[in-house]
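# Close look at the chain arrangement
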Amino acid sequence: MHASSRFQGRSAGLGLALLSAFAFGGSGVAAKPLIEAGLDPLHVVWLRVAGAALIMLPVAWRHRSLVRERPALLAGFGLFAVAGVQAFYFASISRIPVGVALLVEYLAPALVLGWVRFVQRRPVTRAAAVGVVLAVGGLACVVEVWAGLSFDLLGLLLALGAACCQVGYFVLSDHGGQDGRSGDGAEPPHPVGVIAYGLIVGAAVLTVVARPWGMDWALLGGSAGMNGDEVPAWLLLGWIVLLATVLAYATGVVSVRMLSPQVAGVVACLEAVIATGLAWVLLGEHLSAPQLIGGFTVLTGAFIAQSAAPKPPSGPVAAGAGTGAVAGPVEDELSHGRAPH
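Residues numbered from 1 in each chain as written. Predicted model: local features only at pLDDT ≥ 70, side-chain atom pairs only at ≥ 80, totals over all residues. Heavy atoms only, no water.

### Overview of the packing of helix H2 (residues 27-36) against helix H3 (residues 41-55)
Relative to each other, H2 and H3 sit at 130 degrees, their axes nearing to 10 Å. Comparing their axes, H3 and H2 come out oblique. The two elements H2 and H3 cross, and the hand of that crossing is right-handed. The residues of H3 that touch H2, namely those facing Ser27, Ala31, Leu34 and Ile35, are Pro41, Val44 and Arg48. Of the residues contributing to the contact of H2 with H3, the split by class is five nonpolar, one polar and one charged. (Axes fitted to C-alpha atoms, helices over the stretch in contact; angles between N-to-C directions. Helix = DSSP H or I, 4+ residues; strand = E, 2+ residues; numbered from the N terminus. Parallel < 35°, antiparallel > 145°, perpendicular 65-115°, else oblique. Left-handed = near helix turned anticlockwise from the far one by under 90°. Contact = heavy atoms within 4.5 Å. Nonpolar A, V, L, I, M, F, W, Y, C, P; charged D, E, K, R; others polar.)

### Some details on the packing of aromatic side chains
Following the criterion strictly, the structure yields three aromatic pairs and no others. Considering the side-chain rings of Phe24 and Tyr249, the 5.2 Å spacing of their centres and the 80 degrees angle between planes classify their relative orientation as edge-to-face. Of this pair, Phe24 sits in helix H1 (residues 2-25) while Tyr249 sits in helix H12 (residues 233-258), and the two are 225 residues apart along the sequence. Relative accessible area serves as the criterion here: at 1%, Phe24 is assigned to the buried category. Pairing Trp46 with Trp217 gives two aromatic rings, centres 6.1 Å apart and planes at 90 degrees, and the pair type is edge-to-face. You can see Trp46 sitting in helix H3 and its partner Trp217 sitting in the loop between helix H11 (191-210) and strand E1 (223-226), a full 171 residues away along the chain. Among the residues examined, Trp46 registers a relative accessible area of 16% and is labelled buried. The positively charged end of Arg64 is found above the aromatic ring belonging to Trp61, 4.2 Å away from the centroid. (Phe/Tyr/Trp six-rings, centres within 6.5 Å; stacked < 30°, edge-to-face > 60°. Buried < 20%, exposed > 50% of the residue type's maximum accessible area, 1.4 Å probe, protein only. Lys NZ or Arg CZ within 6 Å of the ring centre and 35° of its normal.)

### Points about the confidence of the model for the protein chain
Confidence in the prediction of the protein chain, expressed as mean pLDDT, is 77, and 74% of residues score 70 or more. Mean pLDDT values for the elements of the protein chain range from 59 in helix H13 (residues 261-268) up to 95 in H3. The model gives residues 175-184 a pLDDT under 50, and that stretch makes 17 contacts with residues more than four places away or in other chains. Taken together, the stretch residues 310-340 has pLDDT below 50 and engages in 140 contacts with residues farther than four places along the chain or on a different chain. (pLDDT = per-residue confidence, 0-100.)

### Brief notes about the nonpolar core
Judged by nonpolar contacts, the single largest core of 72 residues is most densely connected at Leu34, Val44, Tyr89, Ile93 and Leu199. Setting aside its immediate chain neighbours within four residues, Leu199 contacts Val49, Ala52, Ala53, Met56, Val82 and Thr245. (Core = buried A, V, L, I, M, F, W, Y, C linked by side-chain atoms within 4.5 Å.)

### A short note on the pattern of salt bridges
Scanning the entire structure with this criterion turns up three salt bridges. Between Glu285 and Lys32 there is a salt bridge, with the nearest N and O atoms lying 2.6 Å from each other. Of this pair, Glu285 sits in the loop between helix H14 (270-283) and helix H15 (289-307) while Lys32 is found in helix H2, placing the two residues 253 residues apart along the sequence. Of the two residues examined, Glu285 and Lys32, each falls in the buried class. Ionic pairing is found between Arg95 and Asp152, a salt bridge with its closest N-O pair at 2.9 Å. One end of the pair, Arg95, is in the loop between helix H6 (71-93) and helix H7 (98-105); the other, Asp152, is in the loop between helix H9 (126-142) and helix H10 (153-180), and 57 residues separate them in sequence. Among the residues examined, Arg95 registers a relative accessible area of 42% and is labelled partly exposed. (Salt bridge = Lys/Arg side-chain N within 4 Å of Asp/Glu carboxyl O.)

### Some thoughts on unusual backbone geometry
The backbone of Arg211 sits at a positive phi, close to 50 degrees, despite the residue not being glycine. Mapped onto the fold, Arg211 is located in the loop between H11 and E1. Judged by its relative accessible area of 53%, Arg211 is exposed.

Below, the structure written as structure tokens:
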């Protein structure tokens with residue numbers, strides 16, 4: 001009976017992880033038509049984060065003790081995992097294809113391992129190094145370097161900025177996890193509570209940066225073009241807030257609790273595949289054969305780098321990939337630095 005219950009739990013966790021990957025993967029597809037209709041990328045990010053923060057207010061009130069117990073963790077999560085990742089990602093998709101932007105973010109495992117090796121001066125396994133090489137080589141195919149970087153350079157740099165924010169999140173998660181296991185008896189912070197406050201902090205930061213009072217609110221009452229079809233702007237916004245943010249984060253957290261971080265991380269890699277597929281079908285953004293092969297190589301390298309990330313004798317080591325990835329063994333504290341998207 002116990003084995004059967006465990007199997008059912010893992011099956012349910014896998015289903016939730018898949019749902020989370022689908023929800024996160026659709027964020028860029030829903031946001032890009034709004035951006036092309038005239039909304040500034042930062043305004044779209046603000047609408048997404050502020051709307052989700054409003055919905056998560058009851059959860060934040062329930063875990064209000066976190067403000068006193070973990071203020072630095074909440075501030076870092078809101079700044080990097082919410083505001084930073086989303087702002088850079090949405091700005092990048094305004095200039096380059098959704099799938100390419102998300103695949104660039106999958107350089108995060110390579111950057112994390114660089115932090116581990118050169119900043120923390122820990123040894124990196126050979127398998128992890130191979131994963132990094134594969135990810136970088138695959139990215140070269142995605143951006144078609146042989147064509148002289150025909151992609152918008154600023155768009156690529158913005159996507160790389162999103163990857164760097166993911167690294168900041170992973171490092172912060174690693175630090176927070178060690179705090180919770182320091183032997184002082186402190187309880188680890190509730191992950192949903194951290195996400196709720198992360199969204200609130202992110203909304204506050206983005207309010208200052210995006211200045212939503214200057215937004216053309218009338219655009220939300222109109223429509224946006226999606227591969228030749230007109231879709232109500234409010235419907236796309238609802239998709240971004242309810243499905244690609246609230247549902248994506250919530251199902252992601254629960255799935256990580258039910259699965260190992262390695263399994264959850266592998267499923268999270270599907271986010272890039274889902275985003276690319278949805279962009280192909282709904283936005284008409286077709287990638288060439290070399291780009292598809294490169295994308296597969298990036299995901300393979302990200303998976304290898306994540307699963308082979310070094311672990312110290314005590315305390316967790318940050319590892320993960322993409323906007324829906326998990327930071328090593330700290331899944332009991334935090335999950336999904338994206339939302340992605």
